[in-house]
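# What the coordinates show
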2 protein chains.
Amino acid sequence: MRVQGFTAAATAAGIKYANRADLGLIFSRVPAAAAGVFTTNRVKAAPVLLDRERMRAGRAQAILVNSGNANACTGEAGMRAAQACSTLTAQTLGIDEQLVQVASTGVIGQPLPLQPFEKAVPELVNNLGADRLCEVARAMMTTDLVEKTVSTQVSIKGVPVTLAAMAKGSGMIRPDMATMLCFILSDAKITAPVLSRLLHRAVDESFNTITVDGDTSTNDTAMVLANGLAGNPCIDEHNPEGLQLFGEALTGLCRELALRIVADGEGATRLVHVRVTGARTKTEARSAAQTIAESPLVKTAFFGKDANWGRIIAALGRSDCGFRQDEVSIAFDDVLLVERGMGLGAAAEARATAVLGQKEYTVTVGLAEGTCEAEVHTCDFSFDYVRINADYRS
Amino acid sequence: MRVQGFTAAATAAGIKYANRADLGLIFSRVPAAAAGVFTTNRVKAAPVLLDRERMRAGRAQAILVNSGNANACTGEAGMRAAQACSTLTAQTLGIDEQLVQVASTGVIGQPLPLQPFEKAVPELVNNLGADRLCEVARAMMTTDLVEKTVSTQVSIKGVPVTLAAMAKGSGMIRPDMATMLCFILSDAKITAPVLSRLLHRAVDESFNTITVDGDTSTNDTAMVLANGLAGNPCIDEHNPEGLQLFGEALTGLCRELALRIVADGEGATRLVHVRVTGARTKTEARSAAQTIAESPLVKTAFFGKDANWGRIIAALGRSDCGFRQDEVSIAFDDVLLVERGMGLGAAAEARATAVLGQKEYTVTVGLAEGTCEAEVHTCDFSFDYVRINADYRS
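Presented here is an overview of the structure given in this document. Quick caveat, the model's predicted, so the values are computed rather than measured.

The next point concerns the overall build of chain A. When helices and strands are counted, chain A shows 11 helices and 14 strands. A globule of 394 residues ought to have a C-alpha radius of gyration of about 21 Å, and chain A, at 22 Å, matches this closely. In terms of principal-axis extent, the alpha carbons of chain A reach across some 70 × 55 × 35 Å. Classification of the 394 residues of chain A by burial places 63% in the buried group. Within chain A, counting contacts between residues at least 6 apart in sequence, those at least 24 apart form 80% of the total.

What follows is the structure in structure tokens.
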């Protein structure tokens, strides 16, 4: 995974654990147009507050990201620490400090130690390489089991443009927005306001449609940097085709990463797409899909490979979605299990149970009230979710 | 546990499992004033639809309750089955069918078999006894580990009045209302409208303040029957002292049962009171307490005995409650762990961890925004919650 003009490096700085990569740096040779979407949680980590402010200018050149410590709920000292990390990075790289973004993920409420950064940042700058983006993706993992990177190319009026993206996230995941960090890099020439609009749409159609446990975090950040080195005709309102192609590519990358986050959800053994169709409004459809996808009883039934549609219809019934009980249908992939609000019997259930044995499947809930639909992607709720989260800090 | 004029019986009718009590009958020698509160879930089980309709008259004389089958999502056939059970009960008891209430709990979406009732109801009527209320409490258990009964007496202008109550509930528990059945019996003389008003208030201050997993059911029912045999001066608007005493006793019983439901929550090893103080409004305080009490990450930390206040503040931050991050305090019992939004360090955390070793404790979140507060009672989220719910139907 490479994008022209971008280099990266990662190292084991010892922020919390010894002997694991926990600090990464991404650098663009030239300042890039930039946009970000940040957590909607009322409690915001220091780096989020700093980045959000700087992102107003629509320009960035470097991202420093650490795992092992969220630098959240750390007060004035936390703000000073975020500031110090960015100053150190800017000075070492020889760039304007306003062009540095910082991101942290890990435990909340611990002071961020500065010493590891003082030693590691110069080392990172020395080791920057064009083929090291994946190392940053690994360094920012916490309870993730797999690193998550994806890239694509689009042709803007004959000029190839590359997009590459990396994300971390596994627990504390739900819409608005998924708890995660995501960095998207591109060599596209594009204006910052357009980039921001496309990023918001991409996040809404990707990270905002997934849930692991309904919890959101203090550090959620999705960020895109586009340095313009591809030399394409600028992507803006005067280039609608480019706008569409780049927008679709951006959304596609985000969707792919979002699904990988759910598939790598803490303790997950199944990736389940919950689709609600026939709702009166999009908002109602989303509420229904979200409530089903977050229900602990539904998710433990997924884990138990139990085609327990009663729990699905009970979750639906407490959502903010209107429907008539005797018009509800439920299918697991193409196996219809419930029609007009009633189960279709043992044979249908046996076939549905077979679907539940798959690693990935779709639950479709039909309401026959209107034409709106929504999809939320979730995982099952296993012993390992409990084990991971009962043990995480110790 | 006895209440004058009430008799009861239970039996193993074989509705789903062999050799366990699964059917109970409660009977008042004379018709009683009655009131009920039913599920707010859009999907309502057949017995709920039947009971709600009959309860409008404010009178009842018998309750037939089964476990093993919820008779929910069973369509027309389900309504006919609920009807048939009530007809059979009325005929065998020789009372007006409109005075019979039926309640079901168990798996959703399975037809309710009538055969077990045809054999068992006459047997129940034959075996009615004044000392058998606890047998009914046992017969309606599903994943409950302990039966839940409680009783009290109040003096209404010198006349002793008894209240006795039983409840079942363990999973699929959250406010509006807790997923459960609760039957309260009294020999008080009281009017039905007054009874209904007091019951609604009692439910709001008890079952609507607990959560196990945030899921609600299709069968929630709380019901009170008061047969007047105590001969007290009637409890109504002209008897404010009686109104207050009886109301407080009713709320007290419901609160006690509500706490027992949480303590017996599926897989629960801890009973945790989440208290939010200093909110601007009661609604905001409730939203905050509820969001914290339902967060899977908070609840797994309770299970892991981890004083992970970062998860508490993150859950608070996604609730509908306004606050300033740097004014938040968090205490476990009397151990202050967070002040002005920041952790108080390792010593405080060690003392908080000791509190987490207790079977029961209170988490107090202070907001310093106003004077409103709310409390929600919850349990931890353990391996056994997953085990119970991944296996429940098989």
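There is more to say after this.
What follows concerns the pattern of salt bridges. Within this structure, the stated rule accounts for 28 salt bridges over all chains. The partner of Glu237 of chain A in a salt bridge is Arg197 of chain A, and the shortest N-O contact between them spans 3.0 Å. With Glu237 of chain A in the loop between strand 8 (221–226) and helix 6 (240–263) and Arg197 of chain A in helix 5 (residues 192–204), the pair connects residues that are 40 residues apart, well separated along the chain. On the basis of relative accessibility, which here comes to 52%, the residue Glu237 of chain A falls in the exposed class. The exposure class of Arg197 of chain A is partly exposed, given its relative accessible area of 37%. Here Asp144 of chain B makes a salt bridge to Lys148 of chain B, at a shortest N to O gap of 2.6 Å. If you follow the salt bridges from partner to partner, you end up with Asp144, Lys148 and Asp264 of chain A in one network.

Now for the relation of the copies chain B and chain A. For the pair chain B and chain A, the relating rotation is 180 degrees, the translation along its axis is 0.0 Å, and the fit reaches an RMSD of 0.0 Å. Put plainly, the chains are arranged around a two-fold axis. It is Phe383 of chain B whose C-alpha, among those of chain B, lies nearest the rotation axis, at 2.8 Å. Take the interface residues of chain B: 100% of them recur as interface residues in chain A, which is what a same-surface contact looks like.

Looking now at the sheet that holds strand 9 (residues 271–279) of chain A. Residue and element names in this part refer to chain A. The sheet built from 6 strands is open, its strands ordered 12-11-10-13-9-14 with mixed pairing. Lying at the two open borders of the sheet, with one neighbouring strand each, are strand 12 (342–343) and strand 14 (372–379). Where strand 9 meets strand 14, 7 bridges bridge the pair, whose relative direction is antiparallel. Paired with Arg275 across the two strands is Glu375, which belongs to strand 14. Along the sheet face, helix 7 (residues 282–294) touches strand 9, strand 13 (360–366) and strand 14 and points at about 20 degrees away from the line of strand 14.

For the rest of this paragraph, the subject is the environment of Ser155 of chain A. Note on placement: Ser155 of chain A falls in strand 5 (residues 148–156). In sequence terms Ser155 of chain A and Leu245 of chain A are 90 residues apart; their C-alpha atoms lie 7.9 Å from each other.

The rules we used
Residues numbered from 1 in each chain as written. Chains lettered and ligands numbered in written order. Predicted model: local features only at pLDDT ≥ 70, side-chain atom pairs only at ≥ 80, totals over all residues. Heavy atoms only, no water. Helix = DSSP H or I, 4+ residues; strand = E, 2+ residues; numbered from the N terminus. Rg over C-alpha atoms; globule rule 2.2 N^0.38 Å. Buried < 20%, exposed > 50% of the residue type's maximum accessible area, 1.4 Å probe, protein only. Contact = heavy atoms within 4.5 Å. Salt bridge = Lys/Arg side-chain N within 4 Å of Asp/Glu carboxyl O. Least-squares fit on C-alpha atoms with pLDDT ≥ 70 in both. Pairing = 2+ DSSP bridges. Axes fitted to C-alpha atoms, helices over the stretch in contact; angles between N-to-C directions.

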